[in-house]
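# Report on the structure
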Amino acid sequence: MPRTSAPSTPFVRAMATARGGLQRVAFFSFFINLLMLTSSVYMLQVYDRVLASRSESTLIYLTLFAAACLATLGLLEGVRSRLLVRMGARFDAQLSAQVFSETLARGRNGQALRDLDSLRGFLTGTHILSLLDAPWMPIYLGLVYVLHPLLGHVALGGAVLLFALGLWNERRTRRTLAEAGGELSASHQFAEMSSRNADAIRAMGMLPGLTALWRRRHDLGLGLQGLASDRAASVAAVAKATRFLLQVGILGVGAWLVIQEQTTAGVMIAASIVMGRGLAPVEAAIGGWRGFLAARQAHQRLLEGYGQQPADQARMPLPAPTGALSFEGVAGGPPEARKITVRELSFALEPGTCLGITGPSAAGKSTLVRLALGIWRPMAGVVRLDGVNIADWDRQDVGPHIGYLPQDIELFPGTVADNIARFGEVDPGQVVEAAKLAGAHAMVLELPGGYDAEIGPGGVNLSGGQRQRIGLARAFYGRPALIVLDEPTSNLDAEGEAAVRQAMDALREAGRTLIVIAHRPALLGGTDKLMVIQQGRIGAFGDTSELMPQITRRVVAGIAPSQVPVVPAGARHV
Ligand SMILES: Nc1ncnc2c1ncn2[C@@H]1O[C@H](COP(=O)(O)OP(=O)(O)OP(=O)(O)O)[C@@H](O)[C@H]1O
Ligand SMILES: [Mg+2]
């Protein structure tokens, strides 16, 4: 058979492995199901042979045989559970790291990790076992037919009835559960996002308003879930009653057949047990339908959203960049909004250049540097680092050659040294050098534990300025070829600002390319080139020595440098 051309994503591969595991489990289920007939066969034999012949030895042998069968059954059940647990662990190992890194790389929330948990829980739970038993139903029903056709009809009728109940259940609950899942996931995200702004919430008494908003979402989700559960529960109750009724029915019909001398009491009871086994998976499926639907939704979301990226393509390793950066007619903006916020960006920076960028709020400065670093892809044009399209660099390869201090600095749970060394292998010499360059060394030594101080939950609480200094040290770590600082001094005192100025000089002398977004002339004065961004375009671009006087003149006149509409002739493209 020709192979299908469907892309083999890590998720699809992991599901295929899980399916293989389930097939092994199903193989064990085959023998388990066979052995589960032990008690009915035993009963049949006891009724029909032992009681009829009153033979004690037959009873003893039969009992020993049944006990051996049941012991094997227990053993096989144990093996089957272990297989399931192993399979779950393997499934998780194959995917969780990938989902986690994709979650981070694409700036998503934790929904996918929760989906993975719920899918794994389902694949290794008890309900999957009853679903795996379902293929056995026809065999059990066939057995009842062998015992007596009339009993077979009763069992078959019962199976059809239970199936119909199962379908009804599916119809009544699927849509409601999907809606509930959506609402609950949204309320989860809302809570995640709000918890990041806890200070503002408390300071300005926003708690009641936000809580009310969250509650509405949460209640809606819970309400829908409750509705679906109610419906599912009523169907499950009907199913249970139906099965009990069927037991009574088959015993009743069996007894009638015994009276008519068409069958024996052993057959009557064995038929009832076999039918019970056969119908159990359907009843279990109805009872566990909610879990199945949730797992199916999680599966669908994971299939659509995750593991789609083929595993990192092996790209040819390129020589380390020297820091030559060029923009060629670049336009772009936030990818999720598909909005172009900067356009017509063309300029080039030689290695060792220090570029200052200024301009009004929301002009597109941070957008420009995100494009420069390949965090966002341009919607037109191309950004090149050492002549190579920035999108073509392997992120793991190019990362150590890039330093970035984002406007909103986030440090991660770990030690100060880990954070500075970007959670790679810590090179103590380089960590200290970077910290000194950032003017953070003395400050770090004052922390309890110094470079080993833990940041984050349970660790030290850092001030805004401390965070910024450590963020700077992280950007300088390893003296990367291209360093971008987005408002590096927004939280710093005069001393910190002087340290950044010194670092700029040192890095420029070392031949590193620097881009510094700033508003203050003190910092902009230390650059070689200056760019003013206005409404997403380059308003001015030229040597700092030429542009700076105009900016400072305006500042003296009481206008912020970012407001300066400087457009010197011929300075647009250099
Ligand atoms: N993640 C985002 N999603 C949607 N829109 C965004 C996003 N980031 C930026 N924008 C929009 O892009 C435009 C440019 O924003 P940008 O952050 O580049 O401005 P900026 O010049 O850095 O401003 P500031 O000086 O305030 O930092 C703004 O209109 C902003 O609303
Ligand atoms: Mg910005």
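Note that the structure is predicted; figures quoted are calculated from it, not measured.

### Things to note about the overall build of the chain
- Assigned secondary structure in the chain consists of 20 helices and 12 strands.
- On C-alpha atoms alone, the chain measures out to a radius of gyration of 35 Å, which is more than a quarter above the 25 Å that the 2.2 N^0.38 rule sets for 574 residues.
- With respect to the three principal axes, the spread of C-alpha positions in the chain is 115 × 55 × 45 Å.
- Here the chain holds 574 residues, and 36% of them are scored as buried.
- Here the contacts in the chain between residues at least 6 apart in sequence split such that 76% fall between residues at least 24 apart.

### Focus: the sheet that holds strand 12 (residues 537-543)
- Within the open sheet, the six strands sit side by side as 6-9-10-3-11-12. Their pairing is mixed. The open sheet has two edge strands with one neighbour each: strand 6 (402-405) and strand 12. Neighbour-to-neighbour, the strand axes of the sheet open up by a mean angle of 15°, direction not taken into account.
- Examined bridge by bridge, strand 11 (residues 529-534) and strand 12 share six bridges and lie antiparallel to one another. In the strand pairing of strand 12, Val532 is matched with Ala540.

### A few points about the nonpolar core
- Formed by 70 residues in total, the largest nonpolar core has its most connected members in Ile420, Ala438, Ala473 and Phe476.
- Every residue in contact with Ala473, bar those within four places of it in the chain, is listed here: Ile420, Ala434, Ala435, Ala438 and Ala440.
- Core analysis: the second largest hydrophobic core is formed by 59 residues, Ala18, Trp136, Ala228 and Ala232 among them.

### So, the packing of helix 7 (residues 149-195) against helix 10 (residues 265-287)
- Two elements in contact, helix 7 and helix 10, have axes whose closest approach is 9 Å; the angle formed by their N-to-C orientations is 10°. For the element pair helix 7 / helix 10, the angle class is roughly parallel. Between helix 7 and helix 10, the residues in contact are Leu151, Ala155, Gly158, Ala159, Leu162, Phe163, Leu165, Gly166 and Asn169 and Ala271, Met275, Gly278, Leu279, Val282, Glu283, Ala285 and Ile286, respectively.
- Each residue belonging to the contact of helix 7 with helix 10 can be placed in one class, and the counts come to 12 nonpolar, four polar and one charged.

### Observations concerning the sheet that holds strand 1 (residues 325-332)
- A sheet is described by the order of its strands in space; here four strands give the open sequence 2-1-4-5, paired in antiparallel fashion. Looking along the sheet, the strands with just one partner apiece sit at the ends: strand 2 (342-349) and strand 5 (388-389).
- By the bridge criterion, five bridges tie strand 1 to strand 2 in an arrangement that is antiparallel. Residue pairing across strands places Leu325 opposite Leu349, the latter belonging to strand 2.
- Lying on the sheet, helix 12 (residues 365-372) is in contact with strand 1, strand 2 and strand 4 (380-385); it crosses strand 1 at an angle near 120°.

### Re the pairing of strand 11
- Of all six residues in strand 11, five are buried; the element is thus mostly enclosed.
- Strand direction decides the pairing type here: strand 3 (residues 354-358) and strand 11, joined by four bridges, are parallel. If you follow Leu355 over to strand 11, its bridge partner there is Lys529.
- In this antiparallel pair of consecutive strands, strand 11 and strand 12, the connection spans two residues, and Gln535 shows a positive phi of 45°.

### Observations concerning the confidence of the model for the chain
- Counting all residues, the mean pLDDT for the chain is 85, and 92% of those residues have values of 70 or more.
- Across residues 1-5, confidence stays below pLDDT 50; counting only partners more than four residues off in sequence or on other chains, it has zero contacts.
- Taken as a whole, residues 564-574 scores under 50 in pLDDT and shows 29 contacts with residues more than four places along the chain or in a different chain.

### Notes on unusual backbone geometry
- Phi at Arg54 takes a positive value of approximately 55°, unusual for a residue other than glycine.
- Mapped onto the fold, Arg54 is located in the loop between helix 2 (38-53) and helix 3 (56-105).
- On the basis of neighbour count, Arg54 is assigned to the exposed category, with 9 C-beta atoms found within 10 Å.
- You will see that Glu487, though not glycine, has its phi angle at about 50°, which is positive.
- Here Glu487 shows up in the loop between strand 9 (482-486) and helix 18 (494-509).
- A count of 20 C-beta atoms within 10 Å places Glu487 in the buried class.

### Notes on helix 2
- With 16 residues, helix 2 should reach 22 Å at 1.5 Å per residue; the first-to-last C-alpha distance of 21 Å fits that figure.
- Roughly 35° is the biggest bend found in helix 2, and it falls at Val46.
- Regarding helix 2, the residues found buried are Ser40, Tyr42, Leu44 and Val50.
- The inward-facing, buried residues of helix 2 abut helix 3 and helix 10.
- Positioned one or two residues after helix 2, Arg54 has a phi angle of 55°, which is positive.

### Digging into helix 18
- For helix 18, which comprises 16 residues, the first-to-last C-alpha distance of 23 Å matches the rise-based estimate of 22 Å (1.5 Å per residue) to within 8%.
- Those residues of helix 18 that are buried lie in contact with strand 3, helix 15 (428-437), helix 17 (464-476), strand 9, strand 10 (513-517) and helix 19 (521-524).
- Count one or two residues on from helix 18 and you reach Gly511, which has phi positive near 85°.

### Concerning the environment of Ile32
- Mapped onto the elements of the fold, Ile32 is located in helix 1 (residues 10-36).
- In sequence terms Ile32 and Val500 are 468 residues apart; their C-alpha atoms lie 71 Å from each other.
- Non-local contacts of Ile32, meaning those with residues more than four positions away in its chain, are made with Leu73, Leu76, Glu77 and Arg80.

Thresholds, definitions, all that
- Residue positions are counted from 1 within each chain, in the order its sequence is given.
- Ligands are numbered from 1 and chains lettered from A, in the order in which they are written.
- Residue-level local features of this predicted model are given only where pLDDT is at least 70; pairs of side-chain atoms are given and counted only at 80 or more, and the full residue set underlies all totals for whole chains, interfaces and linings.
- Strands are runs of DSSP state E lasting at least 2 residues, helices are runs of H or I lasting at least 4, and numbering of each runs from the N terminus.
- Note on method: radius of gyration uses C-alpha positions; expected globular size equals 2.2 Å times residues raised to 0.38.
- Any residue whose C-beta has 12 or fewer other C-beta atoms within 10 Å is treated as exposed, any with 20 or more as buried, and any in between as partly exposed, C-beta atoms being built from the backbone.
- We call two residues in contact when the distance between their C-beta atoms, placed using the backbone, is within 7 Å.
- At least two DSSP bridges between two strands are required for those strands to pair.
- Between the N-to-C directions of two axes lies an angle of 0 to 180 degrees, each axis being a line fitted to C-alpha atoms and, for a helix, fitted only over the stretch in contact.
- Nonpolar cores are identified as sets of buried Ala, Val, Leu, Ile, Met, Phe, Trp, Tyr and Cys residues joined via C-beta atoms within 7 Å.
- An angle below 35 degrees is treated as roughly parallel, one above 145 as roughly antiparallel, one from 65 to 115 as roughly perpendicular, and anything else as oblique.
- Residues are sorted three ways: Asp, Glu, Lys and Arg are charged, Ala, Val, Leu, Ile, Met, Phe, Trp, Tyr, Cys and Pro are nonpolar, and all the rest, Gly among them, are polar.
- Across the chain, each position has a pLDDT score giving the predictor's confidence in that residue, from 0 to 100.
- In this analysis, the expected span of each helix is defined as 1.5 Å times one less than the number of residues it contains.
- Two axes enter the bend calculation: one fitted to the seven residues ending at the residue in question, the other to the seven starting there, and the bend is the angle between them.

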